[in-house]
Amino acid sequence: MTPKMLRPSRLPLGRRKMKLTLVVACALVDVDKRVLIAQRPAGKALAGLWEFPGGKVEPGERPEQTLIRELHEEIGITVSEACLAPLTFASHTYDDFHLLMPLYICRRWEGGVIAREGQQLAWVRANKLRDYPMPPADIPLLPHLIDLLM
């Protein structure tokens, strides 16, 4: 049987067609070089794990627009696109989709950070981020933040 004749579920993992999900995240860094992380609330996938604020890129939306929208919706701050700088990205395969997640860094915003979606928030020093359980896609982002902020 040639690979073309195999059903997708029988193809090796690297050859399966999976849904690609584009999610964008932001490392907000305060004046004390702490990074904001949010705990996923009960009822959501990966509940209880800590992540960087952000969200799914909607059709027709640029990643920067997504972050501006999501940061306002999730934590009540206003961010200018000029204050968002791309830092790195994660590419991770979950069971039923592949996640591509650019990580931006932001050091300037307007307004106070508040949890608007029932999530817990924590300001954490970069070298302590590994003390918080995170989704598998977020873990490879940590060395980049640690290198930048330590």
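Just so it is clear, the model here is predicted, and its values are computed rather than measured.

Student: If you had to explain the overall build of the chain to someone new, which residues and values would you point to?
Tutor: Within the chain one finds two helices and seven strands. Ordered by position in the sequence, the α and β elements of the chain form the string β-β-β-β-α-β-β-β-α. Taking all 150 residues of the chain together, the buried fraction comes to 39%. The contacts in the chain between residues at least 6 apart in sequence include a share of 64% that link residues at least 24 apart. Surface exposure of the chain reaches about 8,900 Å², of which carbon and sulfur atoms provide 54%.

Student: Residues and numbers for helix α1 (residues 63-75), please.
Tutor: Across its 13 residues, α1 extends 17 Å between first and last C-alpha, which sits within 8% of the 18 Å expected from 1.5 Å per residue. Among the residues making up α1, those that are buried are E64, T66, L67, E70, L71, E74 and I75. Considered in projection along α1, the buried side chains sweep an arc of 145° and stay on one side of the axis. Tucked into the core, α1 has its buried residues touching β1 (19-28), β2 (34-39), β4 (54-56), β5 (84-93), β6 (97-106) and β7 (120-125). One or two residues past the end of α1 sits G76, with phi positive at roughly 70°.

Student: How would you sum up the pattern of salt bridges? Please name residues and give values.
Tutor: Applying the stated criterion across every chain, the model contains seven salt bridges. E61 is paired through a salt bridge with R69; the nearest N and O atoms lie 2.8 Å apart. Residue E61 is classed as buried on the basis of its relative accessible area of 19%. Residue classification places R69 among the partly exposed positions, given a relative accessible area of 23%. Measuring nitrogen to oxygen at the nearest pair gives 3.6 Å for the salt bridge that ties R69 to E73. Here R69 pairs with E73, and both are found in helix α1, just four residues apart, close to one helical turn. Look at E73 and you get partly exposed, because its relative accessible area is 36%.

Student: Tell me about the packing of aromatic side chains, and name the residues and values.
Tutor: Counted by the stated rule, this structure contains three aromatic pairs. Summarising the aromatic geometry, the rings of W50 and Y132 are spaced 5.2 Å apart at their centres and angled 75° between planes, so their arrangement reads as edge-to-face. Taken together, the residues W50 in strand β3 (residues 50-51) and Y132 in the loop between β7 and α2 (142-149) connect sequence positions 82 residues apart. Ring geometry for W109 against W123: centres 6.0 Å apart, planes inclined by 15°, an arrangement best described as stacked. Taken together, the positions of W109 in the loop between β6 and β7 and W123 in strand β7 put the pair 14 residues apart, joining distant regions of the chain. We classify W123 as partly exposed; its relative accessible area is 29%.

Student: Just give me the short version of the sheet that holds β2, but keep the residues and values in it.
Tutor: Strand order in this open sheet of three strands is β3-β2-β7, and the pairing throughout is antiparallel. In this open sheet, the two strands that pair with only one neighbour each are β3 and β7. Relative to β7, β2 runs antiparallel, the two sharing six bridges. Paired with R34 across the bridge in β7 is R125.

Student: Before we move on, could you go through the side chain of T88 and cite the residues and values that matter?
Tutor: Within the fold, T88 resides in strand β5. Excluding residues within four positions of it along the chain, T88 makes contact with M101, P102, L103, L141 and H144.

Student: Quick one: what's the story with the side chain of E70, residue by residue and with numbers?
Tutor: Structurally, E70 is set in helix α1. Setting aside anything within four residues of it in sequence, one finds E70 in contact with G54, G55, K56 and I75.

Conventions we followed
- Residues numbered from 1 in each chain as written.
- Predicted model: local features only at pLDDT ≥ 70, side-chain atom pairs only at ≥ 80, totals over all residues.
- Heavy atoms only, no water.
- Helix = DSSP H or I, 4+ residues; strand = E, 2+ residues; numbered from the N terminus.
- Buried < 20%, exposed > 50% of the residue type's maximum accessible area, 1.4 Å probe, protein only.
- Contact = heavy atoms within 4.5 Å.
- Areas by Shrake-Rupley, 256 points an atom, 1.4 Å probe, with all protein chains shown as cover.
- Expected span 1.5 Å × (residues − 1).
- Arc of directions from axis to C-beta.
- Salt bridge = Lys/Arg side-chain N within 4 Å of Asp/Glu carboxyl O.
- Phe/Tyr/Trp six-rings, centres within 6.5 Å; stacked < 30°, edge-to-face > 60°.
- Pairing = 2+ DSSP bridges.

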